[in-house]
Amino acid sequence: MSNLYSLYYPKNFSSVAGQEKIVALLVEEIKKRSIHSAYLFSGIGGNGKTSVARIMAKAINCVDDSGTDCCNICGNCKLISEGASLDIVEIDGASNRASADIKGIKERLYSVPTQLRKKIYIIDEAERLDEIASDALLKLLREPSDHAVFILCSKKAEDIPELIVAECEKINFERIGVNAIRGRLLYICTQEKIQSELGALHIIAQMAQGSLRDAIVSLEKLGSYGTSLTETGVRQSLGLVEPEMLAGILHSCYKGDAASALRIIERANGKGASMQFMASTLSDFSRQGMLLNMGNSEGEEFFFDSEFTQKIKTLSSILGNDFLTISAEIWTKCLLEMRQSSEARSILETSALHLAWEGRKIIAEKTKKKKAIALSESKVQKIVPSPIVPLVEVIPEETKEPPKVIAADLQKVWAELIDILQQKNEVQARAGMSSGIIGFVEQENDIVIVMKHKNIAARMREREIRRAIEETFSELLNQKVNLYFTADPGGDRTIIPFIELKKKPFVSKKNTKG
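Since we're looking at a predicted model, the values are computed, not measured.

Draft legend 1. Main features of the overall build of the protein chain. Assigned secondary structure in the protein chain consists of 22 helices and eleven strands. Classification of the 514 residues of the protein chain by burial places 47% in the buried group. Taking the contacts inside the protein chain whose residues are at least 6 apart along the sequence as the reference set, 75% of them involve residues at least 24 apart. For the protein chain, the computed accessible surface area is about 27500 Å², with 51% contributed by carbon and sulfur atoms.

What follows is the structure, encoded as structure tokens:
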């Protein structure tokens, strides 16, 4: 394939994707000849700012006055498209020459255009102009020329001096929606005869985060690996996990089941998934869930396809906005921390533990409220005497469930555990459990063992090592034991200190009669 981005660069207003409102506004201004002397186009990279600036330069100077779009046929349009017009000047704000280029504008700003109707000055990355260049630009904007238009493009308009912003008509370019990007990718695939599944294009569009340029670049890279694009192939290439796994993490955290959430993260890591993208998608999932709960479905296509949207609606109604608000905050903070650290998995796991703790608190509060309501209702109900029933009829069959395993149970048999692991020749398991233990965090059905060092916790999480430890504990206590290992539980949860008890004569519960 050729350079797809250069080949499918928008050439006129009608080919601009996802910015219909902005295009309509500019077309109307050109039609009425009410063009401002300066514009500020702001928004993320790759969403059409510079493209629209170049198209606007052609539309203003197009010889064909029958329409409001550029014809790309007349001499003026061709000069601009080929970059051969002396009246169209593009300046890179990040360049070392930016100051000199802007100072040079003053010399010819007020002279009549040599080839076109109006001179157009496009300043890209305007937020990166230094103080000298910004002062020179401000003077030019305050003394506008009748035959010149300035168009500033910026990804961080807030970094541009306020005095410059005040001289411009500011237009904010929004992120391009997934459907618009996917439609453009489908058009390109059709033109280039690239076989592609719609699901694959949807993933590429979603990953682009509103940037059409990034989506087209990704399409070209992924398309170069083979003759066709499949959803499975794209997921594997980009290191993504199925949306159901992400939903599983949130649901487990909502129930306070941190161990289940951590096991899903472990499986995802084993598949080579990107921890950063998981955090980003979990944050998006939470935010989108809140919008759905509030009845706002306008942005629904941005994050997930229509097939999965219904599942999001169902799960979001279960989780509730109290939980989803906390979830969005935690995953956003998680993503920021990942950008400053190389321990992405550890940060993701810590965030999951934190969210699970918050989930338990929310459920506990809901349960408390329900009990209070039930108690209040019971007080106003008429008391009806219960019928007398023979005692034999009300005695249920005794079905005692085994008591829940707690941290104290593990500490009682710790010495026996070490001995049995040695007998079984489980060297790595015995070494990890013999040192480096800080304490425990008790979950609903599981126990998290907090280690001193991340590398030891990672080793203990390996499937065979963890299984050996769980099976040995289960044998000693005659009860199923589920464990998880981490170096940092995060949040404000209570850590039960580890105190190894001296070895005592021990008889397994399963060998005890009666």
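Draft legend 2. Highlighting the sheet that holds strand β2 (residues 88–92). With parallel pairing, five strands are arranged side by side in an open sheet as β2-β3-β4-β1-β5. Every other strand in the sheet has two partners, leaving β2 and β5 (169–172) as the edge strands with one partner each. Here the strands of the sheet are splayed against their neighbours by 15° on average, with no regard to which way each runs. Bridge analysis of strand β3 (residues 119–124) against strand β4 (residues 148–154) gives five bridges, and the strand direction is parallel. Bridging from a neighbouring strand, Y121 pairs with F150 of β4. Relative to the sheet, helix α6 (residues 131–142) contacts β1 (38–42), β3 and β4, its axis offset from that of β4 by approximately 140°.

Draft legend 3. Up close: the packing of aromatic side chains. Applying the stated criterion to the full structure yields six aromatic pairs. Measuring from centroid to centroid gives 5.6 Å for Y5 and Y9, while their planes differ by 75°, and the two rings are edge-to-face. A relative accessible area of 17% means that Y9 is categorised as buried. Taking the centre distance of 5.1 Å and the plane angle of 50° together, the rings of F41 and F173 count as tilted. One end of the pair, F41, is in strand β1; the other, F173, is in the loop between β5 and α8 (178–192), and 132 residues separate them in sequence. No difference in accessibility class separates F41 from F173, as the two residues are buried. Connected via pairs of aromatic rings, a cluster forms that spans Y39, F41 and F173.

Draft legend 4. Region of the structure containing the environment of C153. Position of C153 among the secondary structure elements: in strand β4. Relative accessible area serves as the criterion here: at 0%, C153 is assigned to the buried category. Apart from residues lying up to four places away in sequence, C153 is in contact with F41, K49, T50, A53, I122, I123, D124, E125, A126 and E127.

Draft legend 5. Main features of the pattern of salt bridges. Counted under the stated rule, the structure contains eleven salt bridges. Across the pair K32 and E28 runs a salt bridge, and its minimum N-O distance is 3.4 Å.

Draft legend 6. A look at the environment of G177. Relative to the helices and strands, G177 resides in the loop between β5 and α8. Residues G177 and G210 lie 33 residues apart in sequence; the distance between their C-alpha atoms is 6.0 Å.

Draft legend 7. Focus on helix α22 (residues 463–477). Its 15 residues place the ends of α22 21 Å apart at the C-alpha level, agreeing with the 21 Å of an ideal helix rising 1.5 Å per residue. Within α22, the full set of buried residues consists of I465, R466, A468, I469, E470, T472, F473, S474, L476 and L477. Looking one or two residues beyond α22, the residue adopting positive phi is N478, at roughly 55°.

Cut-offs applied
Residues numbered from 1 in each chain as written. Predicted model: local features only at pLDDT ≥ 70, side-chain atom pairs only at ≥ 80, totals over all residues. Heavy atoms only, no water. Helix = DSSP H or I, 4+ residues; strand = E, 2+ residues; numbered from the N terminus. Buried < 20%, exposed > 50% of the residue type's maximum accessible area, 1.4 Å probe, protein only. Contact = heavy atoms within 4.5 Å. Areas by Shrake-Rupley, 256 points an atom, 1.4 Å probe, with all protein chains shown as cover. Pairing = 2+ DSSP bridges. Axes fitted to C-alpha atoms, helices over the stretch in contact; angles between N-to-C directions. Phe/Tyr/Trp six-rings, centres within 6.5 Å; stacked < 30°, edge-to-face > 60°. Salt bridge = Lys/Arg side-chain N within 4 Å of Asp/Glu carboxyl O. Expected span 1.5 Å × (residues − 1).

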